[in-house]
Amino acid sequence: MRPSNPVAVAALLALVLTGCGTGDDNGGSGDQNSIVVATHDSWAMPKEVLQSFTDETGIEVKVQPQGDAGQLTNKLVLTKDSPVADGVYGIDNTFASRAVEEGVLAEHDVQLPASAGEFALDGEGSGRLTPVDYSDVCVNVDDRWFAENSKTPPRTLDDLTDPAYEDLFVTPGATTSSPGLAFLLATISAKGEGWKDYWEDLMANGAKVTSGWSDAYEVDFTAGGKGDRPIVTSYSSSPPFTVPEGGDSPTTSALLDTCFRQVEYAGVLDGADNPEGMERFIAFMLGREFQAALPENMYVYPVDDTVELPPEWAKFAKPSPKPFAVDPDDVAAHRTEWLREWREIATR
């Protein structure tokens, strides 16, 4: 769960944006003693962690937020002839192929933790984007609500189309939200060419689509706001944040058979002023201090599985054992088509 910043800028519109992202546009550092890192808006790494890198290398890290993963990728594509930064963090597996194909990234070489190999890209992308963390977008349920109403909660994607759960599900939209797009991809992976029929049934069963994660989770979801919908698209890491004060267990749970795995990458921008400095920072991001800070600050899992998770995460934020997946090349090839077709069904 990313309570402070759900990354809810339009993924579809990111493909055609011509305006600027947030942050200034002063380009790379132009200084071998500093680097500029373009990120998504959910960047939240503590200053003391970045200071450790500076103390170790003498290089200052300047962070430049650029919107969500789609907007970030788009900005880098639009400015590839005059890079806005030395490197990037936050391109995910739904946009990785586009960034690689557009030539915005330079090759770099860092040593991956053994467990990170499963998240690495194949082909040309393997030398240009390094996996740093991952998260599972999953359907979450308000267990307290279901207990109080003597109802059995859903367990699968198919359950969401059952009349027993009519008007109980809310999800952020696929064209306006990163987790919304991830949920759409989960249904495409699960249903193949039948995904549109699935969405027809889902909408006919009263599913509500919001613009972003905050609207869905913090407004409509019964456990996150004052809404009337006890089923929501969120993250497998969301339940620990619903442990009541003085309590010892969450009031919600993630349905681990409904998840889509998002992987976030870091890379060096082609034409960077300080590519060596950015490569050293990517290596630092894979180190234990940075990896250990990820769960409680950016609400994601480290790719190094030897890093100990916070106690509540270890108990209540289990990742999915078999998440849905869609090949990044297929996402790149069909994203616009899928989003257009989804919009026609979900926004009638």
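Attention in this report is confined to the structure presented alongside it. A quick note: this is a predicted structure, and the numbers were derived from the prediction, not measured.

Let's talk about a negative patch on the surface
1) Next: A cluster of acidic residues, Glu101, Asp122, Asp327, Asp329 and Asp330, forms a negative patch on the protein surface.
2) Next: In this structure, aspartate 122 sits in the loop between β4 (105-106) and β5 (130-142).

Let's talk about the packing of aromatic side chains
1) Next: Applying the stated criterion across every chain, the model contains 18 aromatic pairs.
2) Next: With a centroid separation of 5.3 Å and an interplanar angle of 55°, the aromatic rings of phenylalanine 53 and phenylalanine 284 are classed as tilted. With phenylalanine 53 in helix α1 (residues 47-57) and phenylalanine 284 in helix α8 (residues 275-285), the pair connects residues that are 231 residues apart, well separated along the chain.
3) Next: The class of phenylalanine 284 is buried, set by a relative accessible area of 9%.
4) Next: Taking the centre distance of 5.1 Å and the plane angle of 15° together, the rings of tryptophan 213 and tyrosine 217 count as stacked. One end of the pair, tryptophan 213, and the other, tyrosine 217, are both in helix α7 (residues 213-220), four residues apart, so they sit about a helical turn from each other.
5) Next: Grouped by ring-pair contacts, the aromatic residues Trp43, Phe53, Tyr89, Phe281, Phe284 and Phe290 constitute a single cluster.
6) Next: Lying across the ring of phenylalanine 95, arginine 335 places its NZ or CZ 4.2 Å from the centre.

Quick notes on the environment of leucine 286
1) Next: Within the fold, leucine 286 resides in the loop between α8 and α9 (288-298).
2) Next: On a C-alpha basis, the gap between leucine 286 and phenylalanine 119 in space is 13 Å, while along the polypeptide they are 167 residues apart.
3) Next: In this view, leucine 286 contacts Val110, Gln111, Leu112, Pro113, Thr130, Pro131, Val132, Gln291 and Val303; residues no more than four positions away in its chain are not counted.

Some remarks on helix α2 (residues 69-78)
1) Next: The buried fraction of α2 amounts to nine of the 10 residues, a majority that puts the element mostly inside the structure.
2) Next: Turning to α2, the residues buried within the fold contact β1 (34-39), β3 (87-92), α3 (96-101) and β10 (260-269).
3) Next: Where α2 begins, the side chain of aspartate 68 points an oxygen toward the backbone nitrogen of glycine 70, at a separation of 3.1 Å.

A word on the pattern of salt bridges
1) Next: In this structure the tally under the stated criterion is seven salt bridges.
2) Next: With a closest N to O distance of 3.4 Å, arginine 128 and glutamate 107 form a salt bridge. Separated by 21 residues along the polypeptide, arginine 128 in the loop between β4 and β5 and glutamate 107 in the loop between β4 and β5 bring together distant segments of the chain.
3) Next: On the basis of relative accessible area, arginine 128 is assigned to the buried category, the value being 16%.
4) Next: For glutamate 107, a relative accessible area of 57% corresponds to the exposed category.

Here's the deal with the packing of helix α5 (residues 178-191) against helix α11 (residues 328-346)
1) Next: In the contact formed by α5 and α11, the axes pass within 12 Å of each other and the chain directions differ by 100°. Here α5 is positioned roughly perpendicular relative to α11, judged by the angle of their axes. In contact with Leu181, Leu184, Leu185 and Ile188 of α5, α11 contributes Val331, Trp338, Leu339 and Trp342.
2) Next: A breakdown of the residues in the contact of α5 with α11 according to their chemical character gives eight nonpolar, no polar and no charged.

Considerations on the pairing of strand β8 (residues 231-235)
1) Next: Of all five residues in β8, five are buried, a share of seventy percent or more.
2) Next: In terms of strand pairing, β5 meets β8 through five bridges, oriented antiparallel. The residue of β8 that forms the bridge with valine 139 is threonine 233.
3) Next: Note: strand β6 (residues 169-172) against β8, two bridges, orientation parallel. In the sheet register, valine 170 faces β8, and the bridge partner there is valine 232.

What to know about the packing of α1 against α8
1) Next: Between α1 and α8, the shortest axis-to-axis distance is 11 Å and the interhelical angle comes to 125°. Taken together, the axes of α1 and α8 lie oblique to each other. Note that α1 runs across α8; the crossing there is right-handed. Contacts between α1 and α8 involve Val49, Leu50, Ser52, Phe53, Glu56 and Thr57 on the former and, on the latter, Gly277, Arg280, Phe281 and Phe284.
2) Next: Looking at the contact of α1 with α8 residue by residue, the classes come out as five nonpolar, three polar and two charged.

Here we look at the pairing of β3
1) Next: Most of β3 sits out of view: six of its six residues are buried.
2) Next: Of the strand pairs in this sheet, β3 and β10 are connected by five bridges, and their pairing is antiparallel. The partner of isoleucine 91 across the bridge, within β10, is tyrosine 265.

Quick notes on the nonpolar core
1) Next: Formed by 96 residues in total, the largest nonpolar core has its most connected members in Phe281 and Phe290.
2) Next: Considering every element that reaches this core, the biggest residue donor is α5, with seven residues.

Here we look at unusual backbone geometry
1) Next: Of note in this structure, serine 150 is not a glycine but carries a positive phi near 50°.
2) Next: Checked against the element boundaries, serine 150 lands in the loop between α4 (143-148) and β6.
3) Next: Of the residues examined, serine 150 reaches a relative accessible area of 69% and is grouped as exposed.
4) Next: The backbone of aspartate 167 shows a phi angle near 65°, a positive value even though the residue is not glycine.
5) Next: Positionally, aspartate 167 belongs in the loop between α4 and β6.
6) Next: Take aspartate 167: its relative accessible area is 40%, and that puts it in the partly exposed class.

The rules behind the values
Residues numbered from 1 in each chain as written. Predicted model: local features only at pLDDT ≥ 70, side-chain atom pairs only at ≥ 80, totals over all residues. Heavy atoms only, no water. Patch = residues over 30% accessible without salt bridge, like charges linked within 9 Å, V, L, I, M, F, W, Y side chains within 5 Å. Areas by Shrake-Rupley, 256 points an atom, 1.4 Å probe, with all protein chains shown as cover. Salt bridge = Lys/Arg side-chain N within 4 Å of Asp/Glu carboxyl O. Lys, Arg positive; Asp, Glu negative; His and termini not counted. Charge placed at Lys NZ, Arg CZ, Asp CG, Glu CD. Helix = DSSP H or I, 4+ residues; strand = E, 2+ residues; numbered from the N terminus. Phe/Tyr/Trp six-rings, centres within 6.5 Å; stacked < 30°, edge-to-face > 60°. Buried < 20%, exposed > 50% of the residue type's maximum accessible area, 1.4 Å probe, protein only. Lys NZ or Arg CZ within 6 Å of the ring centre and 35° of its normal. Contact = heavy atoms within 4.5 Å. Polar contact = N/O pair within 3.5 Å; in protein donor to acceptor, adjacent residues only side chain to side chain. Axes fitted to C-alpha atoms, helices over the stretch in contact; angles between N-to-C directions. Parallel < 35°, antiparallel > 145°, perpendicular 65-115°, else oblique. Nonpolar A, V, L, I, M, F, W, Y, C, P; charged D, E, K, R; others polar. Pairing = 2+ DSSP bridges. Left-handed = near helix turned anticlockwise from the far one by under 90°. Core = buried A, V, L, I, M, F, W, Y, C linked by side-chain atoms within 4.5 Å.

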